[in-house]
Amino acid sequence: MSVRALVVDPSATDAVRLTEVPEPVPGPGQVLVDVHHVSLNHGDLNDALSGRVPEGAVLGSDAAGVVVRSEGPGPAVGTRVVALSAGAFAERIAVDADALAEIPDGLSPAEAAALPVAGIAALRSLRAGGLAPGKRVLVTGASGGVGRFALQLAAAAGAHVIASVGSASRREGLVKAGADEVVGLKGLDRPVDVIIDSVGGPQMVAAWELLAPGGSLQSVGWTSGEPAVFPPYSTIGPAKSLTSFVNDLSAPAADLALLVGYAAEGSLAVQIGWQGPWERFADAAQALRRRTVQGKAVLRVTATR
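These numbers come from a predicted model, not from an experiment.

Trainee: Got a minute to help me understand the overall build of the chain in this structure?
Mentor: Check the secondary structure of the chain and you find eight helices and 15 strands. Relative to a compact globule of 305 residues, whose C-alpha radius of gyration would be 19 Å, the chain shows 19 Å and is just as compact. Expressed as lengths along the three principal axes of its C-alpha atoms, the size of the chain is roughly 60 × 40 × 35 Å. The proportion of buried residues among the 305 residues of the chain is 51%. Long-range pairs, those at least 24 residues apart, make up 67% of the contacts in the chain with a sequence separation of at least 6. Total accessible area computed for the chain in this model is approximately 12900 Å², and 53% of it derives from carbon and sulfur atoms.

Below is the structure:
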């Protein structure tokens, strides 16, 4: 049997096309998930265009759906689950049992699908940066997926959260989400302890200048697509760190469960700024590239079975 999937095709628009692939067969310790929603990230677009995901391979990492088969320990058939797994953009996917979490009551599958990549990046980068009560945390690209989750999680931990956005139109809802300040970087005149940067380019360089001695800048994305040029001697002085970050896809179940729990109880709001069927992948990709999506872009999988 075959299933439809979004696969990498360098000759197609956005290097992605909707086609048929063989239905996956779950191995030991895996479950087969009937996918209902997937979430699109900037990283997915970069994966397709850069060749990091090879031609013909299924794209994506974020998926939510229902278990239809289980090969060992894991959620029972019929359980609603959210997964962080390579090759997620397909009608059915085989997922390791330790790479998914049950979706609690009160949380929609679309909301759950928005959490894995962006939510785990926010959660783990904050941990790596040394989040603690009272610390000053700067989140760049704060109106995007990672940014909104990061500022909410930092605020819940008792930090003083500064949200940086590129335009006034992207400020909406950030104070309500937990930001103590919403600014452009030029509006800051006090050092910060932790920076979660998803913009890269000149903005990351400007953020680095604001980092206090002993502070940490976590580079979780590069949505600007622009080079970062550091002035001479800008890396000379009291010790502080710029750390590259990437989501580890191995065994994310505990962090996924934590995030969906927060979202279900209302302490972590999931904003979906674009939603539509996966046949409109090109529209979602264009909206992300133009940075018109506040929050997450979620695609509904229109199954043929």
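Read on, since the account is not over.
Trainee: Sorry, what's going on with the pattern of salt bridges here?
Mentor: Oppositely charged side chains are able to pair whenever their charged atoms sit close together. This structure, assessed with the given rule, holds twelve salt bridges. For Arg-69, the salt bridge goes to Glu-71, with nearest N and O atoms at 2.8 Å. According to the relative accessible area criterion, Arg-69 is partly exposed, its value standing at 36%. For Asp-255, the salt bridge goes to Arg-124, with nearest N and O atoms at 2.8 Å. Residue Asp-255 is located in helix α7 (residues 253–265), and its partner Arg-124 is located in helix α3 (residues 116–129); the two are separated by 131 residues in the primary sequence. One exposure class covers both Asp-255 and Arg-124, and it is buried. Look at the salt bridges and you will find they share partners, linking Arg-4, Glu-91 and Glu-279 into a network.

Thresholds applied
Each residue is numbered by its place in its chain's sequence as written, counting from 1. Per-residue local features are limited, in this predicted model, to residues with pLDDT of at least 70; the limit for side-chain atom pairs, both in listing and counting, is 80 or more; totals at the level of whole chains, interfaces and linings are taken over all residues. By convention in this description, side-chain values take in all heavy atoms of the structure and omit both hydrogens and water. Going along the chain from the N terminus, every DSSP run of H or I of four or more residues is numbered as a helix, and every run of E of two or more is numbered as a strand. For the radius of gyration, the atom set is restricted to C-alpha positions; the globular benchmark scales as 2.2 Å times the number of residues to the power 0.38. Exposure is judged per residue with a 1.4 Å probe applied to protein chains only, and the accessible area is read against the type maximum: over 50% gives exposed, under 20% gives buried, and values in between give partly exposed. Only heavy atoms matter for contacts: two residues are in contact if any of them lie within 4.5 Å across the pair. The Shrake-Rupley method, run with a 1.4 Å probe, gives the accessible areas here. Residue values count only the displayed protein chains as cover. The term salt bridge refers to a side-chain nitrogen of Lys or Arg lying within 4 Å of a carboxyl oxygen of Asp or Glu.

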